[in-house]
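Results of the structural survey
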Amino acid sequence: VSAQFPPLGPTDTPDARLQVRDGSVWKTVGTAAIHPEARVAAFRVEKWDTTRDMPYRVTYALRDRDGAATEHEWTGRIRRDPVDREQLSVADVSCNIHTIFPNVPLVRSMAKLDPDVLAFTGDQFYETTGGHGTQRAPLAPAIIDYLRKWYFHGWTWRELMRDRPSVSLPDDHDVYQGNLWGEGGEGQKTTQEAGGYEMPAAWVNVVHRTQTSHHPDPYDPAPSKRGTINYYGPMTYGKVSFAILADRQWKSGPDRVQTGGPRRDHVVDPNFDCTKLDVPGLVLLGERQEEFLKQWAQDWRGHTLKAVLSQTVFAAVATHHGSYDGYLKADLDSGSWPQTARNRAVDILRPAMALHINGDQHLATLVQYGVAQQRDSM
């Protein structure tokens, strides 16, 4: 469980408590420090009883100028693990620019569906959220600027998040970029298309902490380039095993190839030979994520169905971009490129027979992947 806090002062209470109700009594089961930059408290409770619903609350002693403390709380219900259910419903949400904040119609409709799991698969907000643009430096106010946008996401969905598990995958706009080819956490040296993160690693890690600190332990706890936090790994709930991926964090930049068009990530010539884009050494998921997927695809302990969660689809489904006549032969921002790395990922996932849930491309689509031929994969 993670609890998001606002910026606090140096004399404020530095930690929060997680409590569960046992009959009429509230019992403290965890205390967590509030991260000084991300302002998030992440709780971990071992040996949890997953067979019953559990009322919980996060409590915090807010101090006034005189030092007196007033207890504040946020309550909810941790649902039992629905291992006996024949179906598990997942709500896939992405690309929320918050133009109708507080997004009441979206939340009301989602509540009627009553999903078991919330999957926020990227772009939980955009740079324009709130109407104030972005502040990218210095570091401290840039973090506050990010948190302001992130709060819009929390204010929108907290009534649903308070009583069901959720997953959040940071995508390009979450890190203040129009597109993201992360090059394994590398810093951006020239252009966005050359790859890497424009914002410093300390800022990116705040994004990763706020959005993913409640996820299960990552497969690889060691950070990637620049000390960027990793969050990819498995999550099992309701007899479904989810593979949480970070495809954008590792993907190669399109400057490594020549598309022949005005944009390095778009091929607009209908006669262009796209096999020329499949050059050696290009990365989609990276060796460690592929190693994770190989193990995950073969491990069926504790579940009967598998699903993959990632930022974008492993295919170029969209045929146009922008205007009605903005034809695309290929889109290097989609998960169809790099082709060899994409095919290898799909081949790895084939034994899992997994459903792939993702966001990004602004089109609701249902496809079946193919490698050697159409629809020969998941």
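A short tour of the structure in this document, coming up. (Residues numbered from 1 in each chain as written. Predicted model: local features only at pLDDT ≥ 70, side-chain atom pairs only at ≥ 80, totals over all residues. Heavy atoms only, no water.)

Description of the nonpolar core
The condition is simple: Here, nonpolar core means buried Ala, Val, Leu, Ile, Met, Phe, Trp, Tyr and Cys residues that are tied together by side-chain atoms lying within 4.5 Å of each other. Each residue's exposure class comes from its accessible area (1.4 Å probe, protein chains only) as a fraction of the maximum for that residue type: buried when under 20%, exposed when over 50%, partly exposed otherwise. In this description a helix means any DSSP run of H or I spanning at least four residues, a strand means any run of E spanning at least two, and both kinds are numbered starting from the N terminus. Note on definitions: a residue-residue contact is assigned when non-hydrogen atoms from the two residues lie within 4.5 Å.
With 35 residues, the main nonpolar core has Leu293, Trp296, Leu309 and Phe314 as its most contacted residues. Listing elements by their share of this core, those giving two or more residues are strand S11 (240-244), helix H5 (287-298), strand S13 (305-312) and helix H6 (339-349). Here the element with the most residues in this core is H6; it accounts for five residues. Residue contacts for leucine 293: discarding those within four places in its chain leaves Ala243, Leu245, Leu285, Ile348 and Leu349. Within the second largest apolar cluster, 18 residues are counted, among which are Ala38, Val40, Ala142 and Tyr197.

Quick look at the sheet that holds strand S6 (residues 69-78)
Here is the rule we go by: Should DSSP find at least two bridges between two strands, the strands are taken to pair. Under this scheme, a helix contributes an axis fitted over its contacting stretch, all axes are lines through C-alpha atoms, and angles between N-to-C directions fall in the 0 to 180 degree range.
With respect to topology, four strands assemble into an open sheet ordered S3-S2-S5-S6, the strand pairing being antiparallel. Unpaired on one side and paired on the other, strand S3 (25-33) and S6 mark the two borders of the sheet. Strand-to-strand twist across the sheet, computed as the mean angle between neighbouring axes with direction ignored, equals 25°. Two strands pair when backbone bridges link them, and strand S2 (residues 15-22) and S3 are joined in this way by eight bridges, in the antiparallel orientation. Its bridge partner being in S3, leucine 18 is matched across the sheet by glycine 30.

A word on the side chain of threonine 156
Definition in use: Polar contact criterion, stated in full: a pair of N or O atoms within 3.5 Å, where within protein one must be able to donate a hydrogen and the other to accept it, and residues adjacent in sequence count only if both atoms are side-chain atoms.
Tracing the backbone through its elements, the reader meets threonine 156 in helix H2 (residues 139-161). Threonine 156 gets classed as buried once you look at its relative accessible area, which sits at 4%. For threonine 156, the side chain forms a polar contact with the side chain of asparagine 103, separated by 2.7 Å. Filtering out sequence-adjacent residues up to four positions away, threonine 156 remains in contact with Asn96, His98, Phe101, Pro102, Asn103 and Val107.

Looking at the packing of H2 against helix H3 (residues 201-212)
Inclusion rule: Roughly parallel covers angles under 35 degrees, roughly antiparallel covers those over 145, roughly perpendicular covers 65 to 115, and oblique covers all other angles. Whether a crossing is left-handed or right-handed is set by the direction in which the near helix is turned from the far one by less than a right angle, anticlockwise for left-handed and clockwise for right-handed.
It is at 10 Å that the axes of H2 and H3 come closest, and there the two elements cross at 30°. As judged from the angle between their axes, H2 and H3 are roughly parallel. As H2 packs across H3, the resulting crossing turns out to be right-handed. Only Ala202, Trp203, Val206, Val207, Thr210 and Gln211 of H3 make contact with H2, whose side of the interface consists of Leu139, Ala142, Ile143, Tyr146, Leu147 and Trp150.

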